[in-house]
Amino acid sequence: MLTLVTGGSGSGKSAFAEDRVLSFGEGKRIYIATMHPFDEESHKRIERHRKMRAGKGFETVECYTGLKNAVLPGESGKCVVLLECMSNLVANEMFEEQGAHEQTVQEIMAGVKNLLRQADHVVIVTNEIFSDAAFFEGDMDTYLKDLGKINQETAQMADEVVEVVYGIPVYHKCMKKEEHK
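Residues numbered from 1 in each chain as written. Predicted model: local features only at pLDDT ≥ 70, side-chain atom pairs only at ≥ 80, totals over all residues. Heavy atoms only, no water.

A. Summary view of the side chain of asparagine 114. Mapped onto the secondary structure, asparagine 114 falls in helix H4 (residues 104–118). Polar contacts involving the side chain of asparagine 114 include one to the main-chain carbonyl oxygen of lysine 68, which spans 3.2 Å. Ignoring anything within four residues of it in the chain, the contact list for asparagine 114 reads Leu67, Lys68, Asn69 and Ala70. (Helix = DSSP H or I, 4+ residues; strand = E, 2+ residues; numbered from the N terminus. Polar contact = N/O pair within 3.5 Å; in protein donor to acceptor, adjacent residues only side chain to side chain. Contact = heavy atoms within 4.5 Å.)

See the structure below:
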C-alpha cells in the first residue's frame, strides 16, 4: 500500500505521516531520511524530526540518492516505510555529484517501486508546489517541474493521497472506508 502525504511548510504533514505509519499497527518501522545535514538550519530540522519520532520504534536509514538501490533492513515485506521527504530527495538527485541529474524522475520512480517491493506499506511525504504562482527560471524551474512530475506519478500509483492543510488531513484519494484505519 502506498500513501502520499503533501502539504505546505509547517502544515503538519510530517506528524500526520508518522501517525499514519503508527496506524498500521505493530511491526518494523523504517524512516528513510533524505535531508543532508549541511547547515545549521538542516541540523535543527533533523533534530526536530528525531524528537517527533522518539519512542515510536522507527529505525532510521539515510538515503540521499540512489533510492532504487536501497535495501531495507529486516525481512522483506514485513515493514512500514516512511520516506521524508521527496522534495529533498529530488534536490539531491538533481544537484549532487552522484545524483541522477537529467534522469531524476525515472530514477526516483524506480526507487518508489523498489520500496513497494520490499515493504507492506510505504508513506511518502512531499511538498505542495505551484500554489504560490511565482515564476522561476533555470535550475529552480527544472526542480519544480521534476518534483511535480514525481508527485503526479506517485499520486497515480498511490492508494491514498492526503493533503494536510493547517493540521487537517484532506483526502484526495482514499481506500474504501472499510479498509481505512
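B. Spotlight on the packing of helix H1 (residues 13–22) against helix H2 (residues 40–53). Contact geometry of H1 with H2 gives a least axis separation of 11 Å together with a crossing angle of 35 degrees. At the point where H1 passes H2, the crossing takes the right-handed sense. Within the contact between the two elements, H1 uses Ser14, Ala15 and Glu18 and H2 uses His49, Met52 and Arg53. Here the residues of the contact of H1 with H2 are counted per class, giving two nonpolar, two polar and two charged. (Axes fitted to C-alpha atoms, helices over the stretch in contact; angles between N-to-C directions. Left-handed = near helix turned anticlockwise from the far one by under 90°. Nonpolar A, V, L, I, M, F, W, Y, C, P; charged D, E, K, R; others polar.)

C. Quick look at the state of the cysteines. Summed over all chains, the structure comprises zero disulfides. The structure places no disulfide on cysteine 79, whose sulfur is separated from the nearest cysteine sulfur, that of cysteine 63, by 14 Å. (Disulfide = S-S within 2.5 Å.)

D. Region of the structure containing the sheet that holds strand E7 (residues 168–173). Read across the sheet, seven strands follow the order E3-E2-E4-E5-E1-E6-E7 without closing on themselves; strand pairing throughout is mixed. The open sheet has two edge strands with one neighbour each: strand E3 (58–62) and E7. If you compare each strand with its neighbour and ignore which way they point, the axes differ by 20 degrees on average. Relative to strand E5 (residues 121–125), strand E4 (residues 79–84) runs parallel, the two being bridged by five bridges. Residue pairing for E5: valine 81 is matched across the bridge by valine 122. (Pairing = 2+ DSSP bridges.)

E. Structural context of the side chain of arginine 53. Locating arginine 53 in the fold gives a position in helix H2. No salt bridge is formed by the buried arginine 53. Its closest oppositely charged neighbour is glutamate 18, at 5.1 Å. If sequence neighbours within four positions are ignored, arginine 53 has contacts with Glu18, Tyr31, Phe58 and Thr60. (Buried < 20%, exposed > 50% of the residue type's maximum accessible area, 1.4 Å probe, protein only. Lys, Arg positive; Asp, Glu negative; His and termini not counted. Salt bridge = Lys/Arg side-chain N within 4 Å of Asp/Glu carboxyl O.)

F. Broad picture of the nonpolar core. Grouped together as the largest cluster of nonpolar side chains are 30 residues, with contacts concentrated most on Ile32, Val81 and Met86. Residue assignment for this core shows that the elements contributing at least two residues are strand E1 (2–7), strand E2 (28–33), E4, helix H3 (86–95), H4, E5 and helix H5 (138–157). Among the nonpolar cores identified, the runner-up in size contains 15 residues, and Val21, Ala33, Val123 and Val164 belong to it. (Core = buried A, V, L, I, M, F, W, Y, C linked by side-chain atoms within 4.5 Å.)

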